[in-house]
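# Chain and residue survey
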Amino acid sequence: MNLVIDIGNTTAKLALFDGTLPLEVVYDSNSTLEHLPDICSRYAVEKAIVASVIDLSECALAQLSKLPVPVLWLNEKTLLPVENLYETPETLGYDRMAAVVGANEQFPDRDILVIDAGTCITYEFVDASGRYHGGNISPGMQMRFKALHQLTGRLPLVSREGRELPMGRDTDTAIRAGVLKGMEYEISGYIVAMKHKYPELLVFLTGGDDFSFDTNLKSIIFADRFLVLKGLNRILNYNNDKI
Ligand SMILES: Nc1ncnc2c1ncn2[C@@H]1O[C@H](COP(=O)(O)OP(=O)(O)O)[C@@H](O)[C@H]1O
Ligand SMILES: CC(C)(COP(=O)(O)O)[C@@H](O)C(=O)NCCC(=O)O
Ligand SMILES: [K+]
């Protein structure tokens, strides 16, 4: 079995794969990886892949160094099943690449827009020939709430939970709607613009932040919370003979 470790700016995700399907996914601290020993003790792990978008703490590195199996550390030299046209592969976030690999695995002959709503919202375009062209980076949900509070004099830190209106009628609803509708319209705008350019476009939506947006675009959106993990699993298998 494969152990897949995706370390993001907010959370780490640990996943056990048997073939292409995740048997178990654990949310973990991205600074301690405290659940790593437990998940390893409960499965017959044969190899692992680690992808991180942050500099790892001593504690996390210590946990990873104790892994009793071969580990593939994803980096810009790792062989990929898609062509990477990003001009700075050395700075590309591995989660972005993995999300693209996960989407391309499911629909290898389609133009795909991949949206990952986590700490940041990232937008990736991979074409029907399996070429990753790049994409955009936008503030994620919590980042938007925090920025409005931290970068102004009087705005409170508003939570995701609470009264939702399309147009705010007090400070709380004004900020919540500004964040949630802002994300919805941003995402819908990308989908409409890309679909105009690529009429056969498919859209994947992944990431920890789930927010409902009721647009008629739902019909072309594939929601797959574990897209990055699936992409990392595919990359691990693609490099089987190299670890
Ligand atoms: N179990 C969870 N633990 C932490 N954050 C969660 C969880 N479920 C949903 N979230 C939300 O998802 C976001 C993290 O999404 P994720 O895609 O894991 O982030 P990243 O990959 O950027 O670390 C957080 O901002 C939080 O609002
Ligand atoms: C944009 C990101 C912070 C997203 O990470 P996440 O939201 O998953 O924590 C990450 O992909 C990253 O650090 N990228 C480096 C810059 C680049 O991709 O060009
Ligand atoms: K992510």
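Cut-offs and rules
- Residues numbered from 1 in each chain as written.
- Chains lettered and ligands numbered in written order.
- Predicted model: local features only at pLDDT ≥ 70, side-chain atom pairs only at ≥ 80, totals over all residues.
- Heavy atoms only, no water.
- UniProt positions renumbered as here; feature names shortened; annotations may be inferred.
- Helix = DSSP H or I, 4+ residues; strand = E, 2+ residues; numbered from the N terminus.
- Rg over C-alpha atoms; globule rule 2.2 N^0.38 Å.
- Buried < 20%, exposed > 50% of the residue type's maximum accessible area, 1.4 Å probe, protein only.
- Contact = heavy atoms within 4.5 Å.
- Areas by Shrake-Rupley, 256 points an atom, 1.4 Å probe, with all protein chains shown as cover.
- Salt bridge = Lys/Arg side-chain N within 4 Å of Asp/Glu carboxyl O.
- Near = heavy atom within 4 Å.
- Polar contact = N/O pair within 3.5 Å; in protein donor to acceptor, adjacent residues only side chain to side chain.
- Nonpolar A, V, L, I, M, F, W, Y, C, P; charged D, E, K, R; others polar.
- Domains from an automatic or database assignment.
- Core = buried A, V, L, I, M, F, W, Y, C linked by side-chain atoms within 4.5 Å.
- Arc of directions from axis to C-beta.
- Axes fitted to C-alpha atoms, helices over the stretch in contact; angles between N-to-C directions.
- Parallel < 35°, antiparallel > 145°, perpendicular 65-115°, else oblique.

The protein appears in an unreviewed UniProt entry as Type III pantothenate kinase from Bacteroides stercorirosoris. According to the UniProt record, the Subcellular location (unreviewed entry) comment for the protein reads "Cytoplasm". Check the Sequence similarities (unreviewed entry) section of the UniProt entry for the protein; it says "Belongs to the type III pantothenate kinase family."

## Let's talk about the overall build of the protein
Each helix and strand counted, the protein has six helices and eleven strands in total. For a compact globule of 243 residues, the expected C-alpha radius of gyration is about 18 Å, and the protein comes in at 19 Å, within 12% of that figure. Dimensions of the protein, computed from the C-alpha atoms along their principal axes, are close to 55 × 40 × 30 Å. For the protein, buried positions account for 47% of its 243 residues. For the protein, the proportion of contacts with a sequence separation of at least 24, taken over those separated by at least 6, is 54%. A total of about 12,000 Å² of accessible surface is found on the protein, and carbon and sulfur atoms cover 54% of it.

## Focus: the pattern of salt bridges
Going through the model one piece at a time under the given rule, you end up with 13 salt bridges. The partner of R96 in a salt bridge is E124, with the nearest N and O atoms 2.7 Å apart. Note that R96 is positioned in helix α3 (residues 94–106) and E124 in strand β8 (residues 120–126), a separation of 28 residues in sequence. E124 matches R96 in its accessibility class, with the two residues each being buried. Between E164 and R160 there is a salt bridge, and its shortest N-O distance comes to 3.0 Å. The structure contains a network of salt bridges with shared partners spanning E24, D38 and R42.

## Considerations on the site of ligand 2
Neighbouring ligand 2 are 13 residues; N9, Y86, G93, D95 and R96 lie closest to it. Within the side chain of D95, a nitrogen or oxygen atom sits 2.6 Å from an oxygen atom of ligand 2. Contact with the protein chains covers 81% of the free accessible surface of ligand 2, which is 460 Å². Of all elements in the fold, only α3 and β8 reach the threshold of two or more residues within the shell around ligand 2. Taken together, the residues that form the shell around ligand 2 break down as five nonpolar, six polar and two charged. Mapping the shell around ligand 2 onto the domain boundaries places at least three of its residues in each of domain 1 (1–73) and domain 2 (75–234).

## Thoughts on the nonpolar core
Core analysis: the biggest nonpolar cluster contains 29 residues, and V4, I49, M97, I112, V114, L232 and I235 have the highest contact counts within it. Of all the elements in the fold, those that place two or more residues in this core are β2 (12–18), β4 (47–52), α3, β7 (112–117), β10 (202–206) and α6 (227–238). It is α3 that provides the largest number of residues to this core, a total of seven residues. The residues that make up this core include at least three from each of domain 1 (1–73) and domain 2 (75–234). Ignoring any residue separated from it by four or fewer positions in sequence, one finds I49 in contact with L3, V4, I5, L72, L232, I235 and L236. Of all hydrophobic cores here, the second largest spans 22 residues; its members include V179, L201, V203 and L205.

## Topic: helix α4 (residues 141–150)
Within the sequence span of α4, burial applies to M141, R144 and F145. Looking straight down α4, one finds its buried side chains confined to an arc of 95 degrees; they lie on one side. For α4, the secondary structure elements touched by its buried residues are β8, β9 (131–139) and α5 (171–197).

## Some words on the packing of α3 against α6
Two elements in contact, α3 and α6, have axes whose closest approach is 7 Å; the angle formed by their N-to-C orientations is 85 degrees. Relative to α6, α3 is oriented roughly perpendicular. The residues of α6 that touch α3, namely those facing D95, A98, A99, V101, G102, A103, N104, E105 and Q106, are L227, V228, K230, G231, L232, R234 and I235. Its residues assigned to classes, the contact of α3 with α6 comprises eight nonpolar, four polar and four charged.

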